[in-house]
Amino acid sequence: MGPAELIVLAFPQETITAEAARVLGTLRTAGDIRVVDSLVVTRHADGGIGYTELGEVEHLRGVAAAGGHELPLIGPEDAREAGGLLAPGSVAVLVLIEHLWARAAEEALRVVGGRIACGVRIPPERLEAALRAAEVRRGEG
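Nothing here was measured: the structure is a model prediction, and the numbers come from that model.

Chemist: Account for helix H2 (residues 76–85), naming residues and giving values.
Modeler: Of the residues making up H2, those classed as buried are Ala79, Ala82 and Gly83. End-on view of H2: buried residues confined to an arc of 105°, all on one side of the axis. Away from the buried face of H2 by more than 90 degrees, exposed residues Glu77, Arg80, Glu81 and Leu85 are located. Buried residues belonging to H2 abut strand S1 (4–11), strand S2 (33–43), strand S3 (49–53) and strand S4 (90–99).

Chemist: Help me get a handle on the sheet that holds S1, residues and values and all.
Modeler: Taken together, four strands build an open sheet; the order of strands is S1-S4-S2-S3 and the sheet is antiparallel. Both outer strands of the open sheet, S1 and S3, are each paired with one neighbouring strand and no more. Strand-to-strand twist of the sheet, defined as the mean angle between neighbouring strand axes without regard to direction, takes the value 25°. In this sheet, S4 lies alongside S1 in antiparallel orientation, the contact comprising eight bridges. Each bridged residue has a counterpart across the sheet, and for Ile7 the counterpart in S4 is Val95. Its contacts with the sheet put H2 on S1, S2, S3 and S4, and the angle it makes with S3 is roughly 130°. Along the sheet face, helix H3 (residues 100–111) touches S2 and S4 and points at about 25° away from the line of S4.

Chemist: Can you lay out the environment of Glu53 for me, pointing to particular residues and giving the numbers?
Modeler: With respect to the element layout, Glu53 can be found in strand S3. Distance from Glu53 to Leu94, taken between C-alpha atoms, is 9.8 Å for residues 41 residues apart in sequence.

Chemist: Could you give me a rundown of the environment of Ala117, with the residues and numbers involved?
Modeler: Structurally, Ala117 is set in the loop between H3 and helix H4 (124–140). As a C-alpha pair, Ala117 and Pro3 span 114 residues in sequence and 9.8 Å in three-dimensional space.

Chemist: Account for the pattern of salt bridges, naming residues and giving values.
Modeler: Inspection of the entire model under this criterion finds three salt bridges. Among the ionic pairs, Glu98 bridges to Arg34, the shortest N-O distance being 2.8 Å. Of this pair, Glu98 sits in strand S4 while Arg34 is found in strand S2, placing the two residues 64 residues apart along the sequence. Glu98 gets classed as buried once you look at its relative accessible area, which sits at 0%.

Chemist: Please give an account of a nonpolar patch on the surface that cites residues and values.
Modeler: Taken together, the side chains of Leu109, Val111, Val112 and Ile116 present a nonpolar region at the surface, about 370 Å² in accessible area. Following the sequence through the fold, Val112 ends up in the loop between H3 and H4. According to the relative accessible area criterion, Val112 is exposed, its value standing at 67%.

Chemist: Account for the nonpolar core, naming residues and giving values.
Modeler: When a protein is soluble and globular, its nonpolar side chains tend to lie buried together. With 16 residues, the main nonpolar core has Phe11, Ile16, Val40, Leu60 and Val93 as its most contacted residues. Taken together, the elements giving at least two residues each to this core come down to S1, helix H1 (18–29), S2 and S4. Of the residues forming this core, the biggest block, four residues, is contributed by S4. Counting residues in hydrophobic clusters, the runner-up holds ten residues, among them Leu39, Val41, Leu86 and Ala92.

Chemist: Please give an account of the side chain of Ser90 that cites residues and values.
Modeler: Along the chain, the position of Ser90 falls in strand S4. Within the structure, Ser90 has its side chain in polar contact with the backbone oxygen of Ala87 (distance 2.5 Å). In this structure Ser90 touches Phe11, Pro12, Gln13, Glu14, Val41, Thr42 and Arg43, once residues within four positions along its chain are discounted.

Parameters at a glance
Residues numbered from 1 in each chain as written. Predicted model: local features only at pLDDT ≥ 70, side-chain atom pairs only at ≥ 80, totals over all residues. Heavy atoms only, no water. Buried < 20%, exposed > 50% of the residue type's maximum accessible area, 1.4 Å probe, protein only. Helix = DSSP H or I, 4+ residues; strand = E, 2+ residues; numbered from the N terminus. Arc of directions from axis to C-beta. Contact = heavy atoms within 4.5 Å. Pairing = 2+ DSSP bridges. Axes fitted to C-alpha atoms, helices over the stretch in contact; angles between N-to-C directions. Salt bridge = Lys/Arg side-chain N within 4 Å of Asp/Glu carboxyl O. Patch = residues over 30% accessible without salt bridge, like charges linked within 9 Å, V, L, I, M, F, W, Y side chains within 5 Å. Areas by Shrake-Rupley, 256 points an atom, 1.4 Å probe, with all protein chains shown as cover. Core = buried A, V, L, I, M, F, W, Y, C linked by side-chain atoms within 4.5 Å. Polar contact = N/O pair within 3.5 Å; in protein donor to acceptor, adjacent residues only side chain to side chain.

This is the structure in structure tokens:
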């Protein structure tokens, strides 16, 4: 198995729209990743947190792993933690993905004695802030 990552995809309403489900479906079909497990987490207006398997939500079945063969790796603790990130009245999809593109890189590195030792996901807003700061520094020089 290649490197994996748990991503929390948040939406500002309590249910995921059919349009969002179609976009999420491209995750599974693009070929660069494999959906290993997924979970829908809802933070209700009253602050309560609920969760359900992605494949149990009819219009989200296309996002689940091909053939519905997900590994049960995302659990209640993950749901509670992700729910704490959500505003009341919103929903998230937790998706555990394997980076298939990195599997070939890992195999090539192994041949020459190397390996992927670590990976760090940098949120887009932090990367954008770092790029703006670099532009400011270049402008000062």
